[in-house]
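These are the residues of each chain, in order.
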Amino acid sequence: MWRNDDYTPVPVSEKRPEDGATLSIPLKPLNVDESSQVKKLGPYFHDGLRRIDYVLTYHVQKASGLRRQSSRSFVRSMRQSLSRSFRRTRQTPEAQEDPEIAAQEHQLDYHEDDKHFRREEFEENLREMGLELEKDEGTTVPGMGFLKIHAPWDVLCREAEFMKLKMPTRKTYEVKQGSNIVEKINLFIHKVTEPLHPKVEESKIQTVKHLCYPFSRERQHLFDLSDKDSFFSSKTRSSIVHEVLKRTKCTRTKYLMGINSLLGSGVYASAFPLHDGEIDGVRAEPNDRKILYEEWASYSLFYKYQPIGLIRKYFGEKVALYFAWLGVYTQMLIPAAIVGVIVFLYGCATVDDNIPSMEICDPRNNITMCPLCDRACSYWKLVTACGTARASHLFDNPATVFFAIFMALWATMFMEHWKRRQMRLNYIWDLAGCEEEGLSTDHVRSDYEFKVMQKTLRRESSSSKNEKVKLTCTDRLPAYVTIVVMMLFMIAVTFAIVFGVVLYRISIKTALHMSSTPTFRSNVRATVKSTAAVINLIIIIIMDEIYGALARWLTVLEVPKTDKSFEERLIFKTFILKFVNAFTPIVYLAFFRGRLVGRPGKYLYVVGNYRMEECAHAGCLMELCIQLCITMLGKQLIQNNLFEIGIPKLKKMMRRRKTKLATQQEEELKKTWHQHERDHFLGPFVGLNPEYMEMIIQFGMVTLFVASFPLAPLFALLNNVIEIRLDAKKFVTELRRPLPSRAKNIGIWYNLLRGLSKVAVIVNAFVIAFTSDFIPRLVYQYTYSPDGTLHGFINHTLSYFNVSDFQPSTEPVEPMHLGYKVTLCRYKDYRDPPWSATPYQFSREFWAILAARLGFVIIFQNAVMLMSDFIDWLIPDIPKDISQQIQKEKALLVDLFMKEERGKKHFRVARNEQSPSLPRSRLNSNSQSTC
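How each quantity is defined
- Each chain has its residues counted from 1, following the order in which its sequence is written.
- Residue-level local features of this predicted model are given only where pLDDT is at least 70; pairs of side-chain atoms are given and counted only at 80 or more, and the full residue set underlies all totals for whole chains, interfaces and linings.
- To get the side-chain values, take all heavy atoms of the structure and skip hydrogens and water.
- Here a salt bridge means any side-chain nitrogen of Lys or Arg lying within 4 Å of a carboxyl oxygen belonging to Asp or Glu.
- The helix and strand labels rest on DSSP assignments: H or I over at least four residues marks a helix, E over at least two residues marks a strand, and numbering proceeds from the N terminus.
- To sort residues, take the accessible area from a 1.4 Å probe on protein chains only and compare it with the maximum for the residue type: under 20% means buried, over 50% means exposed, and anything in between is partly exposed.
- Only the contacting stretch of a helix is used when fitting its axis, a line to C-alpha atoms as for every element, and angles between N-to-C directions run 0 to 180 degrees.
- Should an angle fall under 35 degrees it is called roughly parallel, over 145 degrees roughly antiparallel, and 65 to 115 degrees roughly perpendicular, with every other angle called oblique.
- Any two residues having at least one pair of non-hydrogen atoms within 4.5 Å are treated as being in contact.
- Just so you know the grouping, Ala, Val, Leu, Ile, Met, Phe, Trp, Tyr, Cys and Pro go in nonpolar, Asp, Glu, Lys and Arg go in charged, and all remaining residues, Gly too, go in polar.
- N or O atoms within 3.5 Å of each other form a polar contact, as long as, within protein, one can give a hydrogen and the other can take it, and as long as residues adjacent in sequence are counted only when both atoms are side-chain atoms.

Trainee: Honestly, the pattern of salt bridges in this entry has me stumped. Any pointers?
Mentor: Pairing between side chains becomes possible if they bear opposite charge and their charged atoms approach one another. Counted by the stated rule, this structure contains 43 salt bridges. One salt bridge in this structure joins Glu-159 and Arg-247, with 2.7 Å as the shortest N-O distance. With Glu-159 in helix H3 (residues 153-163) and Arg-247 in helix H6 (residues 234-247), this pair connects stretches of sequence that are 88 residues apart. For Arg-247, a relative accessible area of 34% puts it in the partly exposed group. Residue Lys-290 is joined to Glu-294 by a salt bridge in which the shortest nitrogen-to-oxygen separation is 3.3 Å. Taken together, the positions of Lys-290 and Glu-294, both in helix H8 (residues 288-295) and four residues apart, correspond to about one turn of that helix. For Glu-294, a relative accessible area of 43% gives the class partly exposed.

Structure representation (structure tokens):
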């Protein structure tokens, strides 16, 4: 930070024209005849020739109403204040003002004058950088001014060289798809799937490719500059202007201020590149935005591929990579959904042949179960759980184990497929040889500059004035402590909410059992499961919004230095909080419910006399499936789709009301609006983090607990088909054009995906081993069954309890509910009977099954991990044909420059052969003259 003590705010009248000045002020017009000017409402200056590459907006204060006469010159305001002191007696009551209000208005004017001075200096510096500017103030958007920026050819060439932008050269070469057989297969597949490809130029198979090389002004002869207007695309021009804006500073202010600081302090309201033109209407000319709207942003095109090349050309590599990743993820969900449906149908087909379900549903077994709650609940027949047992078999059958293994390998295949697709896109987009540092310049954030400025102020009186000031870990220590405390506190809040829902389930179950209405008493389990799952969903949606805002606040408090650091830290915090929020209820149902219960006569109680809930006889897998289904569908329908449609429309309505434009008035004005005025009313682009985050949480739902819900890939597939077109419509029609950003990969999101795929193997192993009855059935069938079948399995899983061993005040109020006196009841556990030497202790069967469960987890985890690593090793990250093309490009570049060097060498030799004759002739003339 540099300090300039000579800076003082300049009065308004000395810096800007009086009120009533012209609304459009071209700061650097071209010499164009008025007769030749073409009035365009697209992204052009008023001369209709220079393209608008970037727009800065700012608030224009009104000349009447709230503004005082002090908006004029400082000397005039002083003169008027002195004259008013002598003419107070002649003032009308309307002219008298409250001194406090007058002071506030004067301070407001002073602040606005300060902003205007900073804008003037910044704009002057932009002109010195070679940019051309034009202003529009208060035209059709009340209270808003627009600074339109155009980058001429010289600036584009200079900045392209600084940014090391790869541009196509004149040299072309043939692109081969591999061997002849592979090439023919690819051509056949492309011909068969041709109806699925969008009708855009970028979607055709690339047979000839331009050799690309970083732009250089000294080697302009290498590039095809026949059409300079289209050599740099609108996306490239916007990114170039943005880089210039990032480097330009206000130096005459007290401290250096860049564009981020100016935006943060309100000097400018917003900064954005313009869309190429309109998407509909009579005046809509052909442009990339219109093509994207027709070939991509439509729900009727859900079955088609995305025009990734055109998306990259218009929005940049970062946005294109997101949609490419989403497309690959959605394609890979198709086989997963098919296998999941087959597994579900297998459960439906074998439900009537399932021996454990048949034993539960057989009334001849006459098994009396212990009460499900104290006092209010009575004894009940196991046959009443027939429906739950049959439904559980749909998801808890031997095929789910196969499906869990399949999904673990599927996740590995998906990651490998994406890596190969990413490398292919890097080659097509000429990013294969680019270093990560060269893709984008990481500029210092305005918040960091402000904190460094404050630290500089504190050190001004010290002796180390010339020392470079920066924020250290000691400066950030209070922020780090706050972050850790707040993160732990919010995670504890999530646990507390889940515990509260548990108490709700316990209390509502007891209340329904005590109800005198037979309908309530007969549907206790279904009511409790459904309402608890819906409550969890509502809490998850609400807390997601709170956690997102909290994560951003904590990241701002941390004051990261660069935008990249800010984004990575924000992603990490948001992911931790939202992941815990979404999966804590599911983890409780999968691994904790029914295991912290105790036994009849010695139950575990919490918060006084709340008895911990236990699973149904068929296990907790059915409840886990219901929770996953409601959470997944609810988040997709409410949070992802309704919020993405409703909230942008609500914000757009609020912006209309803020600018005091009625709908009819807006429709009339819209016909005469220029492109920058139309884009002003679009929503600001807030980044790709929310889009990635919802897909990462969905990926966790699909992979982590897929053993309990085989239909999860199908629901994810249906959601993503809509999500792609919804996001496309939002990007093309609802949002301002994002700043084009270059990127080679999806960044930290890939690491999160890879981590989730590894954790999914462990989680599914524990779900199969401990949540389902797969292992107990295997142990019984091959160890305890007399005939090697599952006959007698239900009786094997039930223990005996003597009702005389109930604790006082816990026995049922209606012990004769079944019509007879009960002396022994059954409960699901592996414990010794009351007549044994060790009553109610864990039996040998319990320890045998526990050992089998742990052994299964170890074997399953290592076997699946080994297969996943083998697939990872087997499939190369870079496709063979892409590797060959990259090597071919390098060889062609070497040949190109060797030819250029040989040409220069021949030119120097030819010049040297001619140059010796000149001195020799001069020598002869001199000798003759001397003679």
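Trainee: I would appreciate a short explanation of the packing of helix H23 (residues 689-704) against helix H24 (residues 712-734) in the present structure.
Mentor: Relative orientation and spacing of two packed helices are given, respectively, by the angle between their axes and the distance between those axes. Where H23 contacts H24, the axes come no closer than 11 Å and their chain directions differ by 170 degrees. Taken together, H23 and H24 sit at an angle that is classed as roughly antiparallel. Where H23 abuts H24, its residues Glu-691, Glu-694, Met-695, Gln-698, Met-701 and Val-702 lie against Ala-712, Pro-713, Ala-716, Asn-719, Asn-720, Glu-723, Asp-727 and Lys-730. The class makeup of the residues in the contact of H23 with H24 is six nonpolar, three polar and five charged.

Trainee: Is there a simple way to explain H8 in this structure?
Mentor: Note: α-helices contain 3.6 residues per turn, so residues at a spacing of three or four share the same orientation. Listed in full, the buried residues belonging to H8 are Asp-288, Arg-289, Lys-290, Leu-292 and Glu-295. Lining the buried residues of H8 we find helix H9 (308-315), helix H22 (675-680) and H24. Two or three places before Arg-289, at the start of H8, stands the capping residue Asn-287, its side-chain oxygen 3.0 Å from that residue's backbone nitrogen.

Trainee: Teacher, can you tell me more about unusual backbone geometry here?
Mentor: One non-glycine residue, Arg-375, lies in the positive phi region at around 65 degrees. You can see Arg-375 is positioned in the loop between strand S8 (368-369) and strand S9 (380-381). By relative accessible area, which is 36% here, Arg-375 ends up partly exposed. Even without glycine at this site, Val-559 takes up a positive phi of about 55 degrees. By the element assignment, Val-559 lies in the loop between helix H18 (524-558) and helix H19 (563-592). On the basis of relative accessible area, Val-559 is assigned to the buried category, the value being 6%.

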